[in-house]
Structures are given as C-alpha cells and as structure tokens.
Amino acid sequence: MSTIVFDKVWKEYGDQIVLEKISLTIASRAFVALVGPSGCGKTTFLKLLLGEEAPTQGTITMDGVPLVAEPGPDRGVVFQRYSVFPHLTVLGNVLLGKEFRSPVAARLFGAARRNAVDEAMALIAEVGLAGSETKYPAQLSGGMQQRLALAQALIMKPKVLLLDEPFGALDPGIRADIHVLMKRLWHETELTVVMVTHDMREAFTLGTRVIAFERPRDRPEERERYGSLLSRDIYIWPPRIAGEPSLFAPDRDDPAIPLGLSQDDPAPQGDNP
Amino acid sequence: MRWINTKPSPAVATLLMLAPFVLLVIAYGVGSAARLADNPSDKLLPALQTMVDAVNRLAFIPDPRTGELILWSDTAASLVRLFSALGISTLIALVFGMLVGMLPYVRALLAPFIATISMVPPLALLPILFIVLGLGETAKITLIVIGVAPAMIRDLALRVIELPKEQITKAETLGGSSWQIALRVVLPQILPRLITSLRLQMGPAWLFLIAAEAISADSGLGYRIFLVRRYLSMDVIFPYVAWITLLAVITSFALDRLRIVVFPWSNLGVR
Ligand SMILES: Nc1ncnc2c1ncn2[C@@H]1O[C@H](COP(=O)(O)OP(=O)(O)OP(=O)(O)O)[C@@H](O)[C@H]1O
Ligand SMILES: [Mg+2]
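S.K.: Can you walk me through the site of ligand 1 in this structure?
M.R.: Residues and elements named next belong to chain A. Contacts to ligand 1 come from 13 residues, most closely from Ser38, Gly39, Lys42, Thr43 and Thr44. At 2.6 Å from an oxygen atom of ligand 1 is found a side-chain nitrogen or oxygen belonging to Thr43. His198 is positioned such that a nitrogen or oxygen atom in its side chain is 3.0 Å from an oxygen atom of ligand 1. When ligand 1 sits alone it has 630 Å² of accessible area, and the protein chains cover 63% of it. Every element with two or more residues in the shell around ligand 1 is listed here: β2 (16-26) and α1 (42-50). No other element matches α1, which puts three residues into the shell around ligand 1. Among the residues making up the shell around ligand 1, the classes are represented as three nonpolar, seven polar and three charged.

Written out as structure tokens, the structure reads:
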C-alpha cells in the first residue's frame, strides 16, 4: 500500500514561487497523469515526491509517514533524459539495482549473480529488449533507452513509479507499444504511478485520474510572485482499476479492437469473467 | 561547396599529415647546408649525417667513463621520474577529484584551496623543494606532482559535477549508498576522462621534469641537453629534443588507445 498525501505544499526557489498550496491525495495503485503548460512545475512536483527537493511549506506523507528527504528504492523514476548509465550494457543497467544489495563491492558473484541475471533477463525480455543485452545505451534508439530505463526502475519493485515525460520523444508506433506495456505492468505489479506528460491523449488513455497544474496569473511581471495551483482534477470514467479488466475498451478512438477483453487488459484468471 | 564541408580523402589526408614534417626536415637540410658551405666548422645547424653519428655514439657505444649506453640510461632515468610523478598525481587526482566532486562538505573545504594552489607557479617553488627535500629524486618528482596534480584534480572534480543530476538520483532510487554510487556510477565514468586529463598534462609534466633535471641531476634527458649546451653540441641537442617529442607522442597515443580498449563505451558518442 502506498497512499501519498500532499498537505498544503508550497515550493519556492528563492523569490520564485513555483507551486502554491497543493493538497492532494493519491490513492494506492492509482495511475495519475499530470499535465500542464511548460514551466508550471510538473518536474518540480515529481522532485518533491522523489525527495530530491523538500517543500518550502507543507508536508508530504506516504502511508501517514513523512516522506524521507532523499531518493530511495521505494520510489522508482524514469526521467525524460539521462535515465540510463552510458557506461553499462543493457544487462548491466538492469542488474545495477540488484548489485547494490552487496554493500561493499556493489557486485554479485556466483549463484546470487546467476539468479539476479535470470531476473534481469526476464525483465529485459518483458520490455522487448531481448537480444540487446550486451549493447550500450548509445547503441540503442531513444525508445529502447526509455524501455531500458523502465526495466531498470522496475527491478527494484518500487511502490511508486514516477515518470517524467518518459515517452515524449517516441514515434506513435513505439509509443503505442510502450503504452500497452505500461498498462500491463500497472495491472500486474503493485505500482502507484505518477506520470508527467504533455500529451492529453496519453494522459486519458493511461490514467485513472488526470490532474492539471496551471498558473492563474501568468503575465510576465506576475510570474515570480504567483505559483501554479492544482487547477483540474479529473477521475476517468468508467473507473479503471488496477488488476481488473475494464468494462469498455479503454482506447475508444483507437482502431477497431477485437471482441472480448481488450489487448492491454490482464489475462482472465480463475473464475473471473 | 562551403569550405567547412570539403573534406580530404584518406590518401590526401595522409599526405597532408606528412607534409609539415617533411617540409621541416627539408628546410633544416637547406639551412644547414647553406651555413656549412659558408663555414664548415659551424656548430649551430649540424648536417643530418653529423646528428646520425652522434645518435650512434650515444645509443650504441658504451660511454668509456661509465660503461653505459648514454641515450638509454638517460631515457630510463627520465622516464622513471616522469612516470612515478604521473602515477602519484593520478592517484591524488582520482581520490581528491571524486571527493571534491561528490561531497559538498569536502568541496566547501578544499575546492578554493586547490584552486589557489594551482595558481602557484611550480617553478618558483623549485628552490624551496631542493632546499627542503634535497637534490635527489624526491624533489624532482614532487615538482612534477605539484605542477600537474591540482589541474587534474580540478578537471576530474568538474567532470564529476557535470554528470547529469538525473543519473545520481536514479542510482539513489536503485538503492545505492554514497560509496556504491562512487564505485559503480561515478568512478567508471570519470576513468576515461582521467586518462585524457593525464594526456593533456604530459606537456607540463615534461616541462617540469626537464627544468628539474637541468638544475640538478647526474643523468636524464634534460640533464644531458643542458650539459652538452656548454659545448654547443647541437648534434646531440636536436636528436634529444626529437626523441623526447617522440616519447611524448607515443605515450599520448598509447593512453588514448588504452582508453578506447578498456572503456569502449566512452567512444560510442564520437563517430
Ligand atoms: N533549481 C531551480 N532553481 C530555480 N528555479 C527553478 C529550479 N527548478 C525549476 N525552477 C523553476 O520552476 C518552474 C517550474 O519548473 P519545472 O521544471 O518544474 O517545470 P515543468 O512543468 O516540468 O516544465 P516542462 O514541461 O517544460 O518540463 C520554472 O519556472 C523554473 O524556472
Ligand atoms: Mg519538466
């Protein structure tokens, strides 16, 4: 479980007010899509969640406990850029989180390593990178790098996954593939997701809830004195619930979808319909 | 086509690369021949043949007094000094560069100090070093270290700071401690830069080495050059300078190859 509560959070950088009195409860296993104009503080919001920045005022709690003031393994992240390590191969990148289990050498050996490699390989295959294990990130396309970043974050089994415009640079085809993957992961793993995006369609396709930040006063001379407010908070209807097939095909404006369950719903299990 | 877009073919590029060297040798030959025609005992620009003889004598005929092959014993003495100094500098730069780059407390403590130290002209310290450390190897090696280490520390610290913040944050979300992040994320990414930094410091390192050898030594390439200067032995000085240059070029090339072989990813961005 991972319920995140923002209580009247303000964030200022020096004189510049970025976020104003953000109060928000993110339910466990929600998929929150965060939208807003450039510079409105979306990345700043993620940094607060990540613990990379502290709120100027207000508190953020996760399951009632104040958030630890530095990034940790319970919160995974995929940034728009620089999310993977250029000096490690695909396998090395995914393995790294596991190798940090060994405190001094930060490397695994023998059986422990073999198990970790098996797990990493499975994850690599799951994000569609099987066969590229020995390549370096510079040898991958942008879309492959983002999928790698995703696998790298997921191996930690984080409670919360933060995504900052992760699929912004991808072509529509790859983006659709990655959406399918994202949905499946969200259904199958214990994940609460917060995703920043500029793409409304993406927000409404993936999210269970779409929130928007906006500056109520955005004239240049006012920009410093006033921050962004939480201006919209929309729950998607019909509700999407993690781990349960949705009632309707989620992508209403997609090309025709075969009858029955839509392709990105989890496979029916047991006596579920 | 614009000039900036016209490129030589590989063959032309090779020719262009060789041209300045050939021109230099020809110009020297012409100048030397002209002066020797005027005055056969001229010492300033000895004929190429005279230099070959000198090299033969120094490299292959044992010195009657010490029984040593002078060129090789000089080279060995100089390289031992140079490489011990560079090795020490590299270690210092690695440790302090990472500490300064990664830890805000160490940065606050040491960054301004190192910046100041790197402004001290090392040659001005040479007399002090000779007085304090004596005339032996220690003083010479220390001079080189003082001359190159601060610049290397600053270079590496900058590289560490330049690593994208996102990478460090990412490593933290993967559960890495400060030590683990230093070991697995920062260190491997600055090692290639360390090699490049070392290459760039080869010039200053040779400068300090030769300066130290000129003032106090009983062997070494710099010592020899300044010794034979008294007899205007240009036939020895020119080949020695060429030999030092060649050593520096080879070291630099070897270091670059080493970087590419050991850290193949560091060359992937460059095409
Ligand atoms: N470290 C910082 N110091 C000072 N101001 C900052 C800092 N980081 C962000 N800001 C300011 O905060 C505001 C919000 O920045 P942020 O990066 O959160 O925007 P964003 O919503 O992510 O924009 P984009 O959609 O373009 O990525 C900007 O006006 C920016 O100038
Ligand atoms: Mg942003």
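S.K.: Which parts of the structure should I look at to understand the sheet that holds strand β3 (residues 31-35) of chain A?
M.R.: The pairing of strands in a sheet comes from backbone hydrogen bonds and takes either a parallel or an antiparallel form. All names here are of chain A. Reading across the sheet, the six strands line up as β6-β7-β8-β3-β9-β10 and stay open at both edges, with mixed pairing between neighbours. Across the chains shown, the open sheet's two edge strands, defined by having one partner strand only, are β6 (75-78) and β10 (229-235). Looking at each pair of strands side by side, their axes are set apart by 20° on average, direction ignored. The strands that α1 touches are β3, β6, β7 (160-164), β8 (192-196) and β9 (209-214); relative to β7, the one it contacts most, it runs at about 155°.

S.K.: What's the story with the domain arrangement of chain B in this structure? I'm lost.
M.R.: Interfaces are frequently sized by the accessible area removed from exposure as the parts join. Residues and elements named next belong to chain B. For chain B, the domain assignment lists domain 1 (3-45) and domain 2 (60-267). Relative placement of domain 1 and domain 2: their C-alpha centres are 32 Å apart. Each side of the interface is counted separately: domain 1 has four residues, and domain 2 has four residues. Regarding the contact of domain 1 and domain 2, the summed buried area is about 340 Å², with carbon and sulfur atoms giving 64% of it. When the buried surface of domain 1 facing domain 2 is broken down by residue, Tyr28, Lys43 and Leu44 rank first, second and third, together holding 95% of it. Remark: the boundary between domain 1 and domain 2 carries zero salt bridges.

Conventions and cut-offs
Residues numbered from 1 in each chain as written. Chains lettered and ligands numbered in written order. Predicted model: local features only at pLDDT ≥ 70, side-chain atom pairs only at ≥ 80, totals over all residues. Heavy atoms only, no water. Near = heavy atom within 4 Å. Polar contact = N/O pair within 3.5 Å; in protein donor to acceptor, adjacent residues only side chain to side chain. Areas by Shrake-Rupley, 256 points an atom, 1.4 Å probe, with all protein chains shown as cover. Helix = DSSP H or I, 4+ residues; strand = E, 2+ residues; numbered from the N terminus. Nonpolar A, V, L, I, M, F, W, Y, C, P; charged D, E, K, R; others polar. Pairing = 2+ DSSP bridges. Axes fitted to C-alpha atoms, helices over the stretch in contact; angles between N-to-C directions. Contact = heavy atoms within 4.5 Å. Domains from an automatic or database assignment. Buried area = accessible area lost by both parts, 1.4 Å probe. Salt bridge = Lys/Arg side-chain N within 4 Å of Asp/Glu carboxyl O.

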